[in-house]
Amino acid sequence: MQKDITNEILELIRRTSSSLPKDVEDRLRASIEKEEPGSAARGALETILKNIELSRANSTPICQDTGTPIFYVHHPEGWSTRKLKEQIRTAMAEATKRSYMRPNAVDAIYDKNSGNNLGGDEFPSIHFEEVDADQPLVIELMLKGGGCENVGRQYSLPDNSLGAGRDLAGVRKVVLDAVQKAQGQGCAPGILGVSIGGDRGSSYIKSKEVLFEKMGTRNADPEIAKLEERLTNEANQLGIGPMGFGGKTTVLDTKITGMHRLPASYFVTVSYMCWAYRRRKMTVKGNEVEYD
Amino acid sequence: MRELSIPISDESIRSLHIGEPVTLSGVMMTGRDAVHKWMSETFIKKTRPPQGDDLQVYEEIKKILNQGVLYHCGPVVSGVATREYKFVAAGPTTSTREEPYQADVMKHFNIKGVIGKGGMGAKTLQGCVDTPGVYFHAVGGAAAYLAQTVQKVLGVYKLEEFGVPEAMWVIEVKDFPVVVTMDAHGQSKHSALDEESKKVLDELLAQPYK
């Protein structure tokens, strides 16, 4: 019999909403030293760090926009995805009741908030992937806020206005353009998820998937890895700074991934993640549950 | 850091310039989409006759907003059922949605400061010059920390009509951190940074890839 893990998923949601991952916090902490003492940029980072400590201690949401909940479930062969989905949805409604989550699902046609973060089949967003029967069950959760989602962009290359062709040089140009256009509106400093290729839909999904990786994880291809580092450095030359107050810290990290594309299409998609980069993972092996 | 108490004088407002970090202490009021629409239609453009307790609320908020501060915020509030209100999460919301109303609202109520995030447009900037007033940018996402600067919830207007996030919450804050990003001299940090970063972008795009 498959175990009911509703309570364990509820705990995953609580941790994700109220406790920022350590690798993200470390990056934010390190960036403080780059900003001038007494500057607006430094003040913003200091406030952000105080906020991270406070929400963790009190189990309150880091940000009142608790975002789109995006689940990736890697389930061993034999697990019922129908039951897992039910448990995730039950946990999400309970998390809303306990104020770990703000009611955030609004029917777009009738403009009505469902009140419990459940809406149709798409909210929360759940992806299932089957693994071998002897593997543990792994559930990853990301909460992506609306402010940063609104500044995400997709480009169809060539983009003549930017002089961006269908190669990595073109990719570099459009990614920098996306950061400049976002200014501080995506709650900078941000993290960039970039996907090259695919169709419009798959490219957007992939640009978010790559954000599940830890800060500083580089693409296996050395040339792409180099471009990731370069884009972070160049984006930080734009001077936008935390919250768009001006400063050196605009982007904390860049992650690029590639997909196959049609000969006719060349999409580059940039998903912008705000500093409140909420992602957590739980691993279930037998009776043991580990949170990461 | 500069400390300002609310109410704020015109003289203090004119001494503020973009880029300056400030802390605010005193009584302020929250208001977002429903509030701006209601203020504009009922009391400024007068396209809708006052209903229910509208006139009574108007008289009371006039006193709070005169030389006061309006905060674009939809808070998470506990104790709603027992009226023992406490702010749990109270970060700024995106301000541009109020761009059609903001300048008129500032002038009508003599509001000295509008707090939000993301900045506002040309009409509001002109409103800052005319009133005079400023736009204060709070740290987006810092909802737990900003809620902690709220010492006391003094009252709430239109709670039933507008709902918790949209109601007008009157709060007493201490050392609420903000940055002036639009001032009474017609300067906007947002448009300045947009232009400066565009120049850097153009330089970067002109560089060869290899």
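Reading the values: the criteria
- Residues numbered from 1 in each chain as written.
- Chains lettered and ligands numbered in written order.
- Predicted model: local features only at pLDDT ≥ 70, side-chain atom pairs only at ≥ 80, totals over all residues.
- Contact = placed C-beta atoms within 7 Å.
- Helix = DSSP H or I, 4+ residues; strand = E, 2+ residues; numbered from the N terminus.
- Nonpolar A, V, L, I, M, F, W, Y, C, P; charged D, E, K, R; others polar.
- Pairing = 2+ DSSP bridges.
- Axes fitted to C-alpha atoms, helices over the stretch in contact; angles between N-to-C directions.
- Domains from an automatic or database assignment.

### Some details on the interface of chain A and chain B
Across the boundary between the two partners, chain A contributes 42 residues, which contact 30 residues of chain B. At 10 residues, the largest contribution of residues to the side of chain A that touches chain B is made by helix H3 (residues 40-58) of chain A. Grouping the constituent residues of the side of chain A that touches chain B by class yields 19 nonpolar, 17 polar and six charged.

### Digging into the sheet that holds strand E10 (residues 278-285) of chain A
Where strands meet in a sheet, backbone hydrogen bonds hold them as pairs that are either parallel or antiparallel. Residues and elements named next belong to chain A. One open sheet holds the five strands; their spatial order is E4-E1-E5-E10-E11, and the pairing between them is mixed. Looking at which strands have only one partner, the edges of the open sheet turn out to be strand E4 (125-131) and strand E11 (288-291). Averaged over neighbouring strand pairs, the angle between their axes works out to 15° when direction is ignored.

### Describing the sheet that holds strand E6 (residues 153-156) of chain A
All names here are of chain A. On the basis of which strands lie adjacent, the open sheet formed by four strands has the order E6-E9-E7-E8 and mixed pairing. Both outer strands of the open sheet, E6 and strand E8 (251-258), are each paired with one neighbouring strand and no more. On average, each strand axis in the sheet is inclined to that of its neighbour by 15°, with strand direction left out of account. Pairing analysis gives six bridges linking strand E7 (residues 190-196) to strand E9 (residues 267-273), with the strands arranged antiparallel. Across the sheet, Leu-192 pairs through a bridge with Tyr-272, a residue of E9. Helix H7 (residues 200-209) rests against E6, E7, E8 and E9 of the sheet, and its axis sits at about 40° to E9. Contacting E7 and E8, helix H8 (residues 222-235) runs over the sheet at an angle of about 145° to E8.

### Digging into the environment of B:Asp10
By the element assignment, B:Asp10 lies in helix H1 (residues 10-14). B:Asp10 sits 102 residues away from B:Lys112 along the chain, and the two C-alpha atoms are 7.7 Å apart.

### Section: the domain arrangement of chain A
All names here are of chain A. Segmentation of chain A into domains returns domain 1 (6-16 + 62-145 + 278-291) and domain 2 (147-273). Between the C-alpha centres of domain 1 and domain 2 there is a distance of 26 Å. In this complex, domain 1 contributes nine residues to the contact, which on the side of domain 2 involves seven residues. Of all the elements in the fold, those that place two or more residues in the side of domain 1 that touches domain 2 are strand E1 (68-76) and strand E5 (137-144). Partitioned by chemical class, the residues of the side of domain 1 that touches domain 2 number three nonpolar, two polar and four charged.

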